[in-house]
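Coordinate analysis (summary)
Read off the chains here:
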Amino acid sequence: MTMLGPLGFTAPWLLLGLVALPLLWWLLRATPPAPIRRRFPGVALLLGLADEMVQAERTPWWLLALRMLVLAAAILGFAGPILHPEPVVPGRGPLLIVEDGSWASAADWPRRIERLTRALTEASAAGRPVALISLADPPPAAPPFTEAADLIDTLPGVQPKPWEPSIDLDPAKLLPAGRYDTLWLSDGLDRASRAPLVKAVQAHGTLKVWQPAVPVLALGSASVDGTKLKLPLSASAPVSRTFEIAALGADPSGLERELARQPVTLKDAAQAEAIFDLPPELRNRITRFEIAGLRSAGAVSLTDDAQKRRKVALISASSAREGLELLAPTHYLHQALAPSADLVEATLADALPVKPDVIILADVGEVAERTELQDWVEKGGMLIRFAGPRLAAVDTSADPLLPVRLRQGGRSIGGTMSWGEPRKLAPFAETSPFAGLTVPDEVTVREQVLAEPDPDLGARTIAALADGTPLVTRKTMGQGAVVLFHVTANAEWSNLPLSGLFPQMLERLSVSARPAAPTAEDLAGQTFTPLKRLDGFGLLIATEAEAGVKGEDLAEGPPGPDLPPGLYGTEDQVLALNTLPRGRQLAPALWPAGVAIEGEAAPKQMPLAGFALAAALVALLLDILATLALSGRLRGPRAAAVIALAVALMPSPPQAETMSEARAIEAASNVVFAYVPTGDGAIDQVSMAGLRGLSQTLTRRTTVEPSEPMQLDLETDDLALFTLIYWPVTETSPTPSPAAYVKLNRYLRGGGMILFDTRDADLAGMGAATETGRRLQALAAPLDIPPLEPLPRDHVLTRSFYLLQTMPGRYDGPIWVEAAPADAEQAEGMPFRNLNDGVTPVVIGGNDWASAWAVDDVGQPMFPIGRGQAGERQREIADRFGVNLVMHVLTGNYKSDQVHVPALLERLGQ
Amino acid sequence: MSEALPDEAARDLRRAAEAEAAALPALLIAAEHLANTVQMGGHGRRRAGAGEEFWQYRPAHSGDAARFVDWRRSARSDSQFVRDREAQLAQSLCLWVDPAASMRFSGAETGRKARPEKLARARLLALALAISALRAGERVGLTSPLAPPRPGKAQLLTLAQALMAETSGLDYAAPDLTAVAPQARVVVLSDFFADPAGLEAALLGAAERGVSGVLLQVLDPAEEDFPYDGRTVFTSMAGGLRFETREAGDLRARYRARLAERRDRIARIADRAGFAFSSHHTGAPAQTALLWLHGALAGGWR
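How each quantity is defined
Residues numbered from 1 in each chain as written. Chains lettered and ligands numbered in written order. Predicted model: local features only at pLDDT ≥ 70, side-chain atom pairs only at ≥ 80, totals over all residues. Helix = DSSP H or I, 4+ residues; strand = E, 2+ residues; numbered from the N terminus. Buried ≥ 20, exposed ≤ 12 C-beta atoms within 10 Å, placed from the backbone. Contact = placed C-beta atoms within 7 Å. pLDDT = per-residue confidence, 0-100. Pairing = 2+ DSSP bridges. Axes fitted to C-alpha atoms, helices over the stretch in contact; angles between N-to-C directions. Parallel < 35°, antiparallel > 145°, perpendicular 65-115°, else oblique. Left-handed = near helix turned anticlockwise from the far one by under 90°. Nonpolar A, V, L, I, M, F, W, Y, C, P; charged D, E, K, R; others polar. UniProt positions renumbered as here; feature names shortened; annotations may be inferred. Expected span 1.5 Å × (residues − 1). Core = buried A, V, L, I, M, F, W, Y, C linked by C-beta atoms within 7 Å. Arc of directions from axis to C-beta.

Attention shifts here to the overall build of chain A. On a plain count of helices and strands, chain A comes out with 26 helices and 39 strands. Burial statistics for chain A: of 910 residues in total, 37% are counted as buried. Summarising the internal contacts of chain A: among those between residues at least 6 apart in sequence, 75% fall at separations of at least 24.

A separate point is the overall build of chain B. Helix and strand content of chain B: 8 helices and 10 strands. Across the 302 residues of chain B, 44% fall into the buried class.

Let us look at the confidence of the model for chain A. Summing up the model confidence of chain A, the mean pLDDT is 81 and the portion of residues at 70 or higher is 89%. Mean pLDDT across the elements of chain A ranges from a minimum in strand 1 (residues 2-4) of chain A, with 64, to a maximum in strand 33 (residues 673-675) of chain A, with 92.

This next bit is on the sheet that holds strand 25 (residues 480-485) of chain A. Working definition: the strands of a sheet are paired by backbone hydrogen bonds and lie parallel or antiparallel to each other. Residue and element names in this part refer to chain A. Reading across the sheet, the 7 strands line up as 16-15-17-18-25-24-23 and stay open at both edges, with mixed pairing between neighbours. Since the sheet does not close on itself, it has two edges, and those belong to strand 16 (341-345) and strand 23 (461-464), each with one partner. The sheet shows a mean angle of 15 degrees between the axes of neighbouring strands, taken without regard to direction.

Further remarks concern the packing of helix 3 (residues 118-135) of chain B against helix 8 (residues 286-298) of chain B. All names here are of chain B. One can describe the packing of helix 3 onto helix 8 by two numbers: an axis separation of 10 Å at closest approach and a directional angle of 45 degrees. Judged by the inter-axis angle, helix 3 sits oblique to helix 8. Our pair here, helix 3 against helix 8, has a crossing hand that is right-handed. On helix 8, the residues touching Arg121, Leu124, Leu125, Ala128, Leu129 and Ser132 of helix 3 are Ala286, Ala289, Leu290, Leu293 and His294. Of the residues in the contact of helix 3 with helix 8, the class split is 8 nonpolar, 2 polar and 1 charged.

Let us now look at the sheet that holds strand 7 (residues 212-219) of chain B. Residues and elements named next belong to chain B. Across the sheet, which stays open at both edges, the 5 strands sit in the order 5-4-6-7-10 with parallel pairing between neighbours. Among the strands making up the open sheet, the edge pair consists of strand 5 (139-142) and strand 10 (275-281). Across this sheet, the average inter-strand angle for adjacent strands is 20 degrees, counted without regard to direction. Sheet topology places strand 4 (residues 92-97) next to strand 6 (residues 185-190); 5 bridges connect them, and they run parallel. Among the inter-strand pairings, leucine 95 is bridged to a residue of strand 6, identified as valine 187. On top of the sheet, helix 3 reaches strand 4, strand 5, strand 6 and strand 7; it is set at about 170 degrees to strand 4, its chief contact.

Moving on to the UniProt feature "transmembrane region" (unreviewed entry) in chain A. Residue and element names in this part refer to chain A. The UniProt entry lists residues 6-28 and 61-83 under the feature "transmembrane region" (unreviewed entry), expressed in the numbering used here. As annotated, residues 6-28 has a helix share of 35% and a strand share of 13%, and its two end C-alpha atoms lie 34 Å apart. Along residues 61-83 the backbone is 78% helical and 13% strand, and the end-to-end C-alpha distance reaches 31 Å.

Before going further, it helps to examine helix 22 (residues 738-749) of chain A. The end-to-end C-alpha distance of helix 22 of chain A is 16 Å, a good match for the 16 Å that 12 residues give at a rise of 1.5 Å each. In the stretch just after helix 22 of chain A, A:Gly751 is the one whose phi turns positive, near 95 degrees.

Now for the nonpolar core. With 79 residues, the main nonpolar core has B:Leu125, B:Ala126, B:Leu127, B:Ala130 and B:Val187 as its most contacted residues. Not counting the four nearest positions on each side in its chain, B:Leu125 is found in contact with B:Leu189, B:Ala286, B:Ala289, B:Leu290 and B:Leu293. A:Val216, A:Ile291, A:Ala297 and A:Leu580 belong to the second-largest nonpolar core, a separate cluster that totals 70 residues.

The subject of this paragraph is the packing of helix 21 (residues 681-701) of chain A against helix 25 (residues 868-891) of chain A. Packed helices, taken two at a time, are described by the angle their axes make and the gap between the axes. Residues and elements named next belong to chain A. Packing of helix 21 against helix 25 leaves a shortest axis separation of 10 Å and a crossing angle of 80 degrees. By the angle between their axes, helix 21 is roughly perpendicular relative to helix 25. Touching Leu694, Thr697, Leu698 and Arg701 of helix 21 are Asp879, Gly882, Val883 and Val886, all from helix 25.

All names here are of chain A. With respect to the helices and strands, the residue leucine 625 is situated in helix 18 (residues 609-630). Since 15 C-beta atoms lie within 10 Å of it, leucine 625 is described here as partly exposed. Measuring from C-alpha to C-alpha, the distance between leucine 625 and arginine 638 comes to 10.0 Å, with 13 residues separating the pair along the chain.

All names here are of chain B. Of the residues in chain B, 85% reach a pLDDT of 70 or more, and the chain-wide mean stands at 79. Mean pLDDT across the secondary structure elements of chain B bottoms out at strand 1 (residues 43-48), with 64, and peaks at helix 7 (residues 252-273), with 92. Low confidence marks residues 1-5, where pLDDT is under 50. Its contacts with residues over four positions away, or in another chain, come to 4 contacts. Per-residue pLDDT stays below 50 along residues 23-41; that stretch engages in 52 contacts with residues further than four places along the chain or on separate chains.

Here we take up unusual backbone geometry. All names here are of chain A. Phi at aspartate 268 is positive, roughly 50 degrees, even though this residue is not glycine. As for its position among the elements, aspartate 268 is in strand 12 (residues 256-277). At lysine 355, a residue that is not glycine, the phi angle is positive and equals roughly 50 degrees. As for its placement among the helices and strands, lysine 355 is situated in the loop between helix 11 (348-351) and strand 17 (358-362).

A separate point is the environment of A:Leu755. All names here are of chain A. Tracing the backbone through its elements, the reader meets leucine 755 in strand 36 (residues 753-757). It is 5.8 Å that separates the C-alpha atoms of leucine 755 and valine 842, two residues lying 87 residues apart in sequence. Sequence-distant contacts of leucine 755, defined by excluding residues within four places in its chain, comprise Leu724, Tyr726, Trp727, Val843 and Leu885.

So, about helix 18 of chain A. Residue and element names in this part refer to chain A. Between its terminal C-alpha atoms helix 18 stretches 31 Å, which fits the 32 Å expected from 22 residues at 1.5 Å a residue. Looking at helix 18, one finds that the buried residues are Ala612, Ala616 and Ala619. Looking straight down helix 18, one finds its buried side chains confined to an arc of 70 degrees; they lie on one side. Exposed residues pointing more than 90 degrees away from the buried face of helix 18 are listed as Gly610, Ala614, Leu621 and Ile624. Those residues of helix 18 that are buried are in contact with helix 3 (61-78) and strand 4 (81-83).

Residue and element names in this part refer to chain A. The topology assignment puts arginine 774 in helix 23 (residues 771-780). Note on arginine 774: 15 C-beta atoms within 10 Å, which makes it partly exposed. Residues arginine 774 and threonine 758, 16 residues apart in the sequence, show an inter-C-alpha distance of 10.0 Å.

Here it is as structure tokens:
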């Protein structure tokens with residue numbers, strides 16, 4: 001390759017052709033454009049006239065220049081110019097490709113694959129055997145060298161992992177023996193395992209590194225500071241840029257959407273913090289944070305219970321006596337919960353409407369709003385009750401809001417009047433949510449309420465005293481649960497509220513939020529099952545029956561193959577394991593001197609041959625036009641064609657975003673049908689003709705006299721103006737934009753009707769067996785379509801104008817309408833059910849109705865249907881179906897109301 | 001003529017011409033100098049003479065043969081009466097269609113707006129005129145001695161065949177009117193691109209014999225508008241003339257001036273010889289030209 005500055009040429013000798021250009025100049029100049037020969041009788045009159053202008057004698061200079069440009073561009077193009085060519089030094093011997101394969105690689109994964117493919121192609125061309133190692137997913141043994149072409153096929157299977165390569169990679173195990181060169185696709189992050197591996201690789205041959213120039217970005221775990229959420233953003237090298245952090249979560253309808261967005265500016269720094277100050281309702285919805293526009297597991301930070309602030313209602317029966325704060329039943333609860341929860345202290349009647357997550361009743365005997373509270377629990381609330389003198393005093397045998405039946409009175413164990421010692425707590429059972437918590441020795445219980453013996457008692461006990469009597473019992477109710485502490489919430493009956501165990505227990509019950517960084521001790525003894533897993537690109541993937549993970553591992557270990565980042569959960573709590581381990585400092589990878597680093601910073605090589613040849617072609621076309629114009633051939637239709645072409649090639653101005661007023665008035669001034677264009681001109685014509693035929697039929701037979709049908713533009717038209725929308729579905733039907741779907745849904749809710757027609761005789765039975773069936777499913781998925789059923793025999797569509805049994809078009813298949821409510825009953829004395837409510841918003845079928853309705857300009861049917869007389873009969877029935885359909889849209893269930901006629905007549909008769 | 005099967009082209013031409021002529025009333029050509037012609041025809045001269053229609057009864061006088069006496073009239077009075085008939089005569093119409101190569105030009109031979117060749121249009125007009133004249137009982141023929149004027153429908157086929165057969169290898173041609181009978185009417189259809197001297201001689205010679213008629217210049221719109229640009233070599237239809245220009249568009253104005261001048265010249269010649277003159281474009285419908293021809297022949301001088 002020859003280099004000319006940043007330009008290289010693959011075939012530089014061809015450039016010699018440029019020398020010939022002056023010769024061409026001379027040749028072209030000598031030859032004027034060829035004349036046109038015309039036979040013309042009037043030549044007799046022309047004889048003797050002399051030319052006044054001599055312009056066309058020689059080719060004009062600008063045309064010459066244009067032609068030279070054509071030739072020069074062609075010569076340049078064939079010489080194979082390449083901008084910033086990458087010097088190719090063909091290597092020899094085997095090649096080892098090492099890919100870090102971590103989350104940091106995901107952001108620019110396509111470029112990595114491209115580089116990999118290039119390396120493999122080059123190796124394949126040079127006949128070098130290649131081995132590929134992904135460090136994040138290390139092979140069990142050193143991979144053998146194979147054909148590079150085979151490896152290209154396996155590239156789609158190589159995906160980045162959401163974790164970093166393990167720290168203790170053993171180079172000896174990983175690397176093949178022998179001499180070979182190495183190409184290392186680095187993710188740009190420094191880590192401890194890199195240096196030994198580099199050394200080992202260099203011992204085998206030369207090392208070449210490919211590493212992107214941009215620093216790696218990652219989000220840490222969010223932490224709570226008062227009402228604010230803090231989110232650390234770290235970069236592997238100081239940068240100066242503003243990033244946007246998006247908080248995503250479920251909106252009230254359960255769809256995931258962006259809830260908040262916060263810009264974070266890094267000013268030549270590697271660390272920054274995004275601070276979200278959101279209302280608790282919004283904050284509790286957040287499920288993850290993302291760096292906007294970055295596809296990598298590191299750019300995603302999942303949230304869990306630790307970031308949620310629960311609303312806890314604290315309710316005690318008596319207002320504390322003044323000055324006796326420490327004796328107040330709720331004092332310790334208040335102390336334990338205040339840092340991590342929003343407390344509501346009010347009466348139960350006031351607390352219920354604010355929808356708390358947890359209600360704590362401290363020594364409340366009789367609950368006045370029992371049914372309301374029960375409803376609230378069954379809908380997912382958590383009710384925690386504490387015992388006390390009042391609870392012990394009342395008869396609770398009929399109270400459903402207690403997990404166990406209580407014996408009236410309670411017992412005193414270690415009081416002055418008893419012989420026994422205060423009891424200690426038994427270690428928590430494996431199945432208990434408190435499993436793994438250490439029971440401090442000093443916790444003792446002096447008094448408690450006792451549960452009546454019951455078969456369920458053992459199962460409901462989640463904490464017990466050393467003698468086996470239940471201390472904490474729990475019962476699930478609906479989606480919620482009721483938990484009873486058999487002691488008081490203050491220090492009166494036990495010193496449990498004084499111990500560190502008390503907040504831990506509350507936390508395990510998800511009453512209070514966990515500290516953001518759980519320690520191994522916090523999670524000890526629990527088994528977490530993976531709920532969702534992050535992939536390398538930061539997408540959450542549902543998991544399927546994966547083995548549980550020990551809490552200790554979850555607290556300690558950095559993510560790895562055995563512990564993929566994602567959401568882990570127990571019955572009561574959810575824990576997020578983020579890609580970026582706590583305390584991981586990102587640093588740029590440093591390579592020993594002498595290692596060739598090929599970065600993305602260098603401009604990409606760019607072959608220019610295509611551009612040069614295209615320029616030559618364009619200039620050639622211009623030359624044709626210019627020559628035509630010069631010799632007088634560019635006249636009349638030719639000139640018109642050229643201008644039309646030029647106009648067509650101009651970028652068209654953006655179309656109006658809203659419906660034009662004239663069109664809206666036209667659509668609104670009468671009943672107008674519309675069809676959705678399919679992009680296939682023939683089908684659109686049939687739809688138009690079909691709706692026109694239907695309009696004519698209606699005009700002839702009914703008082704409905706529709707105007708000319710319209711082709712719908714889903715993006716701009718106001719759908720509310722159209723009575724009926726006919727939507728033929730083809731394999732290639734375009735998908736409307738989300739905005740159009742919003743409009744369609746509004747249209748359907750507002751009483752509009754869409755007639756879907758797959759035009760395939762319903763071969764698929766509304767399944768996905770045909771292309772159109774699949775397309776229909778894809779098109780209709782975002783629509784609010786109620787449950788459907790095949791048209792029942794007594795549907796109002798069968799009698800809204802004509803009495804019909806079938807709804808044929810060109811074909812006679814079943815059609816689907818909105819399902820009748822389950823409780824629809826047959827009206828008395830009537831052959832049909834009482835289906836008074838709801839016009840079906842969609843009718844779906846494959847009968848190709850438009851073809852049956854279609855008429856040409858003179859009102860003749862456009863398509864044959866069936867055979868002979870029977871076919872004409874079918875067309876008639878199809879027309880009748882159209883009439884019935886429009887009547888159904890326009891009059892709703894008027895005909896269904898006829899079921900009441902006997903009753904009305906009877907009443908009138910009296 | 002009916003036994004001889006006419007060739008296809010002649011039949012086509014006649015069919016087209018009959019279609020054109022059907023739209024016109026029967027053409028009665030004004031006969032000017034009735035007395036001098038002896039041929040019977042449909043033109044009543046409002047005086048006694050040879051003919052078929054009754055004109056007047058007049059008293060018989062010496063010299064009238066007894067067989068001319070109308071006995072039925074004479075029986076009503078004492079004297080004898082002779083039944084006079086109105087003198088009638090037929091006009092001769094001679095057609096000349098320019099057979100030169102220049103007439104075989106069409107500015108747009110194909111395409112949506114295709115135009116016929118000038119020759120085709122001229123033949124069509126000639127034959128249409130012949131049909132309406134024949135219907136009126138006139139005698140129609142060509143100027144050449146090949147097809148002298150004759151009445152009757154059979155003459156039509158003869159005319160059509162003679163018109164189709166008449167072609168010339170020359171670029172331009174002038175009419176030869178020496179064989180035209182005196183007092184006949186002549187219709188000349190040509191583009192008049194030939195040297196006007198020939199035309200002038202022929203017309204003046206004919207005028208001396210009392211021949212009058214019409215000249216119709218049949219042109220293609222391209223010949224009128226000269227819609228050409230750029231470097232062009234123009235050749236005549238037979239290739240006899242050649243003219244090269246570097247910028248045809250520049251010549252447009254001067255060409256049209258020359259064309260107007262030529263037309264002026266022809267008009268002056270026609271005026272002197274007592275002929276009517278007009279132009280017709282093949283882009284326009286043939287009907288207008290036929291109407292003009294009809295008017296010019298029926299109304300005398302224009």
